[in-house]
Amino acid sequence: RSVSCRLACGDVEGRLEALFGRVRAIQGKSGRFDMLLCVGNFFGSTSETEWAEYRTGAKKAPIPTYVLGANDQETMSYFPDISGCELAENITYLGRRGLYSGTSGLQIAYLSGTETQDEPAPAYSFSAKDVAELKTSLLSTPNFKGVDILLTSPWPRDVGTFANSAGEIDTKKRGSKLVSDLAASLKPRYHFAALEKAYYERLPYRNHTVLQETPQHVSRFIALADVGNTSKKKYLYAFSIVPMSLMDPAELVKQPQDVTENPYRKSRKEAQKTKAPLCAEEEPACQFFFDLNKHQGKKRPSDEKERGNSQPKQAKKPSQPTGPCWFCLASPEVEKHLVVSIGTHCYLALAKGGLLPDHVLILPIGHYQSVVDLSSEVVEEVTKYKSALKEFFRSKGKRYVLFERNYRSQHLQLQVIPVPLDHCTSEDIKESFIVQAQEQQIELLEIPEHSDITQVAQPGTPYFYVELDTGEKLFHRIRGRFPLHFGRSVLASEALLALPQRADWRRCAAERAEEAAQARDFRRDFQPFDFALRA
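In this text the structure is predicted, and so the values were computed from the model without any measurement. (Residues numbered from 1 in each chain as written. Predicted model: local features only at pLDDT ≥ 70, side-chain atom pairs only at ≥ 80, totals over all residues. Heavy atoms only, no water.)

*Asks:* So what exactly am I meant to see when it comes to the overall build of the protein chain here?
*Replies:* Tallying secondary structure elements over the protein chain gives 10 helices and 24 strands in all. A buried classification covers 52% of the 535 residues belonging to the protein chain. Of the roughly 25,500 Å² of accessible surface on the protein chain, a fraction of 49% belongs to carbon and sulfur atoms. (Helix = DSSP H or I, 4+ residues; strand = E, 2+ residues; numbered from the N terminus. Buried < 20%, exposed > 50% of the residue type's maximum accessible area, 1.4 Å probe, protein only. Areas by Shrake-Rupley, 256 points an atom, 1.4 Å probe, with all protein chains shown as cover.)

*Asks:* How do you make sense of the sheet that holds strand β18 (residues 346–350) when you look at a structure like this?
*Replies:* Adjacent strands of a sheet form backbone hydrogen bonds with each other and so pair up, either parallel or antiparallel. Reading across from one edge, β17-β18-β19-β21-β20-β23-β24-β22 is the order of the eight strands in this open sheet, with antiparallel pairing throughout. With partners counted over all chains shown, the strands left at the sheet margins are β17 (339–342) and β22 (445–447), one partner each. Shown here is a sheet whose adjacent strand axes are inclined to one another by a mean of 25°, direction ignored. Summarising the sheet, β22 and strand β24 (residues 473–477) pair through three bridges and their orientation is antiparallel. Looking at the pairing, Leu445 lines up with Phe475 of β24. Running over the sheet, helix α10 (residues 512–526) touches β17, β18 and β19 (360–364) and is turned about 35° from β17. (Pairing = 2+ DSSP bridges. Axes fitted to C-alpha atoms, helices over the stretch in contact; angles between N-to-C directions. Contact = heavy atoms within 4.5 Å.)

*Asks:* Can you help me understand the sheet that holds strand β13 (residues 220–223) in this one?
*Replies:* Spatial ordering of the open sheet is given by β6-β7-β10-β11-β13-β12, a layout of six strands whose pairing is mixed. Single-partner strands in this sheet number two, and they are β6 (97–101) and β12 (200–201). As judged from the two bridges shared by β12 and β13, these two strands associate in the antiparallel manner. The partner of Glu201 across the bridge, within β13, is Ile222. Of the strands in this sheet, β7 (107–111), β10 (149–152) and β11 (190–193) are in contact with helix α4 (residues 177–186), which crosses β10 at around 170°.

*Asks:* What is the right way to look at the side chain of Ser127 in this model?
*Replies:* Note on placement: Ser127 falls in the loop between β9 (125–126) and α3 (128–139). Relative accessible area serves as the criterion here: at 1%, Ser127 is assigned to the buried category. A distance of 3.1 Å separates a polar atom in the side chain of Ser127 from a polar atom in the side chain of Glu119. In this view, Ser127 contacts Thr116, Asp118, Glu119, Ala121 and Leu178; residues no more than four positions away in its chain are not counted. (Polar contact = N/O pair within 3.5 Å; in protein donor to acceptor, adjacent residues only side chain to side chain.)

*Asks:* It is not clear to me how the nonpolar core should be interpreted in this structure. Could you clarify?
*Replies:* Buried together is how nonpolar side chains tend to be arranged in soluble globular proteins. If you look at the biggest cluster of nonpolar residues, it comprises 34 residues, and the most contacted ones within it are Val360, Ile362, Leu389 and Phe522. At the level of secondary structure, the elements contributing two or more residues to this core comprise β18, β19, α7 (376–395), β20 (398–406), β21 (414–420), β23 (463–468) and α10. Top element by residues in this core is α7. It accounts for seven residues. Beyond its immediate sequence surroundings of up to four residues, Phe522 is in contact with Val340, Leu350, Asp358, Val360, Leu389, Phe392 and Phe393. In this structure, Cys9, Leu19, Ile91 and Val227 belong to the second largest nonpolar core, which totals 31 residues. (Core = buried A, V, L, I, M, F, W, Y, C linked by side-chain atoms within 4.5 Å.)

*Asks:* Would you take a moment to explain the pattern of salt bridges for this structure?
*Replies:* Note on pairing: side chains with opposite charge can pair once their charged atoms come close. For the structure on display, the rule yields 30 salt bridges. Among the ionic pairs, Lys129 bridges to Glu133, the shortest N-O distance being 3.3 Å. Placement of the pair is Lys129 and Glu133 together in helix α3, with a separation of four residues, close to one helical turn. The partner of Arg394 in a salt bridge is Asp469, and the shortest N-O contact between them spans 2.9 Å. Pair noted here: Arg394 is in helix α7 and Asp469 is in the loop between β23 and β24, with a separation of 75 residues, a long-range link. You can call Asp469 buried: its relative accessible area is 6%. One salt-bridge network, in which partners are shared between bridges, spans Arg97, Lys129, Asp130 and Glu133. (Salt bridge = Lys/Arg side-chain N within 4 Å of Asp/Glu carboxyl O.)

*Asks:* Help me out: how do you make sense of the side chain of Arg97 in this one?
*Replies:* Note that Arg97 resides in strand β6. A distance of 2.6 Å separates a polar atom in the side chain of Arg97 from a polar atom in the side chain of Glu133.

*Asks:* Sorry if this is basic, but what is going on with the confidence of the model for the protein chain here?
*Replies:* It should be kept in mind that the predicted coordinates are not to be read in detail where pLDDT is low. For the protein chain, per-residue confidence averages 86 on the pLDDT scale, and 86% of positions sit at 70 or higher. In the model, residues 274–315 has pLDDT below 50 throughout and makes 61 contacts with residues more than four positions away in sequence or in other chains. (pLDDT = per-residue confidence, 0-100.)

*Asks:* Sorry, what's going on with the packing of aromatic side chains here?
*Replies:* Aromatic rings considered in pairs are described by the distance between their centres and by the relative angle of their planes. As enumerated under the stated definition, the model contains 30 aromatic pairs in all. Ring centres 5.0 Å apart and planes at 85° place the aromatic pair Phe42 and Phe43 in the edge-to-face group. On the basis of relative accessibility, which here comes to 4%, the residue Phe43 falls in the buried class. Cluster of aromatic residues (ring-pair linked, three or more members): Phe42, Phe43, Trp51, Tyr78, Phe79 and Tyr93. (Phe/Tyr/Trp six-rings, centres within 6.5 Å; stacked < 30°, edge-to-face > 60°.)

*Asks:* It is not clear to me how the pairing of strand β4 (residues 85–88) should be interpreted in this structure. Could you clarify?
*Replies:* Successive side chains on a regular strand alternate, one facing one side of the sheet and the next facing the other. Inspection of the sheet shows β4 paired to strand β5 (residues 91–93) by three bridges, in the antiparallel sense. Each bridged residue has a counterpart across the sheet, and for Glu86 the counterpart in β5 is Thr92. The antiparallel hairpin formed by β4 and β5 contains two residues in its connecting segment, where Asn90 sits at a positive phi of about 75°.

*Asks:* Honestly, the packing of α3 against α4 in this entry has me stumped. Any pointers?
*Replies:* For any two helices packed against each other, one specifies the inter-axial angle together with the distance between the axes. Closest axis-to-axis distance for the α3/α4 pair is 10 Å, and the angle between their directions is 5°. The angle between α3 and α4 falls in the class roughly parallel. Here Ala128, Val131, Leu134, Lys135, Leu138 and Leu139 of α3 come into contact with α4, specifically with Leu178, Asp181, Leu182, Ser185 and Leu186. Here the residues of the contact of α3 with α4 are counted per class, giving eight nonpolar, one polar and two charged. (Parallel < 35°, antiparallel > 145°, perpendicular 65-115°, else oblique. Nonpolar A, V, L, I, M, F, W, Y, C, P; charged D, E, K, R; others polar.)

*Asks:* Teacher, can you tell me more about unusual backbone geometry here?
*Replies:* Trans is the common state for peptide bonds, and a negative phi is the common state for residues other than glycine. With an omega of -5°, the peptide bond running from Glu119 to Pro120 counts as cis. Looking at the secondary structure, you find Pro120 in the loop between β8 (114–115) and β9. In the Ramachandran plot, Asp158 falls in the positive-phi region, its phi being about 70° despite a non-glycine side chain. Topologically, Asp158 is positioned in the loop between β10 and α4. Look at Arg408: it is not a glycine, yet its phi comes out positive at around 50°. With respect to the helices and strands, the residue Arg408 is situated in the loop between β20 and β21. For Arg408, a relative accessible area of 37% gives the class partly exposed.

Next up, the structure:
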C-alpha cells in the first residue's frame, strides 16, 4: 500500500512497558502500523531493568521502532555504535544524522542530540557544521523538493511565530536555532520533536512566498510529551502519509485553510546576511590521493594533466557524506594502514576483522553509496580491480566471491573473499547462497550473465548482490529487514569455508600491528598484478 500509517512518540525515558503496552492497544483497535518513530530521550536514568529484557531478546517490540541518539553523557552507553545500529530486535538507532529511506519510498531525515557551540561536537550533540553537512548532502540531490519527515529531539526556535499558542513554552527563547535552519531548508511535511514535556501541534505553515514563488507543500510541526506523564499530555501521534515521490504534484501542494506564514522566514533572512560558506563544501572527498609508493601517508593533489588526460570528461560527482565516513579516502576516519592499492578513482583495502587474511574491499575514493550510483570512470576502474584480483587469486589456486549490501551502509564496499578452487565449484557457491537465502525467506535471483546490476536496480534501491569471478551474478531487492552479515555468514558456513565462528567481523578484530603486517604481505604479493602501480 502506498499510504503508510505511522506512529510518532515523545520522550520514552526508558518506560518501554508503558509505551509498547499503549502501542499494542492502539494496534488492536486500529490495525497495524508500519513503524514507530521516537524523538527525545529514548533512555532515562532508570532504564536498565526494563531495557535488559529487550536487549537480551526476552521481550520484543511489537512494531519496528526507530530512535534518535543520546542527548546527554549519561545515556551514551546505550548506543554501542554512534553512527547507527540495531539496539535490540525491532529497535534501531538511526545514527547521528542522515536520511533513512523506507521501502515505500518515504524519506525520513534525522538529527540526534542537542545543539552545541563546541567543535567537534560531543557524540550526544550537533554543531553548525553537522547541520551544514546534513543540509548539503540532501539539498544537492537532483530535484530536491523536501523530505517527508524530519526527526529532531529539540524544538526549532521560533516555531510559534505566526501560529497558535504553544502554551507555557516560550518558542522565542526555547529550542534550537540550528533545528529551525534545518527545518527551513529540508521542508519536512511532518517535523516531530520532544524534550519540553509538552504537546503542541502547530498549524501547518507554507514553504513558499505567496505570489512570488511557485506553491509548495506545507509543513506540520508536532511536539510530543513524555511517555506516561501524569498530566495526560499526548505523547503518541498516529498519522497516515503517502511518500512525496508517489504523490500527484497538484495534490501535494494543496494548501489547507488554516495554513500560516513560514515561522523561520525572518530568522533565515538574518542568518543569510552573516552567512559563512558551508564547511561541507570546502574540501571535496575526492580531492586527495595517498601515494603509498613515495611518501607513506603524505597527500598529493590529484592532477589530471599528470596522468596524460588534459581534457577530463564530465564525471558524475560523488555525493558528500552526511557524517564522518570510514571509507572516503580523504576522511580522517580511514584506517590507512589497511590500504593496499590506490588507483585514480578506487582503492583496495584489507577488510577490518576480515573473514580471511586476504579478504579485501574494492572502494571508490569519492563518496558513492552503491554500484548503481557510480560514474562510468569509476565503474571502469572497479572492473580493472576485479580482473586484477581474479588473476591474483587464481595464481594462488583460489577463486573470489564478491558481494555488496546496499542497505544500512553509507559508502560502497565491494567485499571480495577468496575460496580455494579445489574446495568447491562456482555451482556449489551459488547453491549455498540460494539455499541459505531460502531458509531466511530471501529471494535471490540469478541475473543473466551479460546483464548489468544497473538494469535491475535504480539508484537509492536497497539490495544485496553476489558476483562470482566467472561473471555469474545473484541479486536480492531488499524490501524490509535484511541480515547485515548474510553474505559473510554464507561464505563462513560449513558448506563453504567452514569458519562459522568468523561470521561476525567484530569477533575477528586483530591488533593494529597484525593488521599492518597482513596489509604489507598482501601489498607485496599483489604488486605484480596491480595496474595502479603501472599507471
